[in-house]
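Coordinates in review
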Amino acid sequence: YNGITCYPGQGNNVFIFPGVGFGAVLAKAKKIPDTFFIEAAKELADFVTTEEINAGKIYPSLKDLRNISLNIAVRVVNTAFDVD
């Protein structure tokens, strides 16, 4: 668009939901509060490199998907125990 390359992303479906779901199952959460998603978004943001941002991307590379999902799950579990 006007000489700018835009890269589509699927932050919720690809990155957020798998990690939140896995973390909620591991924590045996009875509810999934908004804080799970807020913390998941913060964790995901930590994986976006300066180079990716400079290239106009807002999501990290899919090559790190498993590691990102695992880290999101861990953060969700920690959040679940803080909430209870």
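Reference entry: report on the structure contained in this document. Here the structure is a predicted model, which is why all the values come from computation and not from measurement. (Residues numbered from 1 in each chain as written. Predicted model: local features only at pLDDT ≥ 70, side-chain atom pairs only at ≥ 80, totals over all residues. Heavy atoms only, no water.)

1. Some points on the side chain of Glu-43
Tracing the chain through its elements places Glu-43 in helix H2 (residues 34–46). You can call Glu-43 buried: its relative accessible area is 12%. (Helix = DSSP H or I, 4+ residues; strand = E, 2+ residues; numbered from the N terminus. Buried < 20%, exposed > 50% of the residue type's maximum accessible area, 1.4 Å probe, protein only.)

2. Thoughts on the packing of aromatic side chains
Applying the stated criterion across every chain, the model contains two aromatic pairs. With a centroid separation of 6.2 Å and 20° between ring planes, the pair formed by Phe-15 and Tyr-59 is classed as stacked. A residue pair is termed long-range when its members are at least 10 positions apart, and Phe-15 in helix H1 (residues 11–27) and Tyr-59 in the loop between helix H3 (50–54) and helix H4 (65–83) qualify at 44 residues. An angle of 90° between the planes, with centres 6.0 Å apart, marks the rings of Phe-17 and Phe-37 as edge-to-face. Here Phe-17 is found in helix H1, whereas its partner Phe-37 is found in helix H2, with 20 residues between them in sequence. Look at Phe-17 and you get partly exposed, because its relative accessible area is 42%. Residue classification places Phe-37 among the partly exposed residues on the basis of a relative accessible area of 29%. (Phe/Tyr/Trp six-rings, centres within 6.5 Å; stacked < 30°, edge-to-face > 60°.)

3. Observations regarding the packing of H1 against H2
Where H1 meets H2, the closest approach of the two axes is 10 Å, and the angle between their N-to-C directions is 125°. Classified by the angle their axes make, H1 and H2 are oblique. In the packing of H1 onto H2, the handedness of the crossing is right-handed. Judged by residue contacts, Phe-15, Ile-16, Phe-17, Val-20 and Ala-24 of H1 engage Phe-36, Phe-37, Ala-40, Ala-41 and Leu-44 from H2. (Axes fitted to C-alpha atoms, helices over the stretch in contact; angles between N-to-C directions. Parallel < 35°, antiparallel > 145°, perpendicular 65-115°, else oblique. Left-handed = near helix turned anticlockwise from the far one by under 90°. Contact = heavy atoms within 4.5 Å.)

4. Brief notes about H1
Between its first and last C-alpha atoms H1 spans 22 Å; for 17 residues at 1.5 Å apiece the expected length is 24 Å, and the two agree. Where H1 bends most, the angle comes to about 35°, and this point is Phe-17, followed within four residues by the proline Pro-18. Burial in H1 covers these residues: Gly-11, Phe-15, Ile-16, Gly-19, Val-20, Gly-23, Ala-24 and Ala-27. (Expected span 1.5 Å × (residues − 1). Bend = angle between axes of the 7 residues up to and from the residue.)

5. Examining the packing of H2 against H4
Taken N-terminus to C-terminus, the directions of H2 and H4 make an angle of 145°; their axes are 9 Å apart at the nearest point. For H2 against H4, the interelement crossing comes out right-handed. Where H2 approaches H4, its residues Thr-35, Phe-36, Glu-39, Ala-40, Lys-42, Glu-43, Leu-44 and Asp-46 are matched on the opposing element by Ile-68, Asn-71, Ile-72, Arg-75, Val-76, Thr-79, Ala-80 and Val-83. In terms of residue class, the contact of H2 with H4 is built from eight nonpolar, three polar and five charged. (Nonpolar A, V, L, I, M, F, W, Y, C, P; charged D, E, K, R; others polar.)

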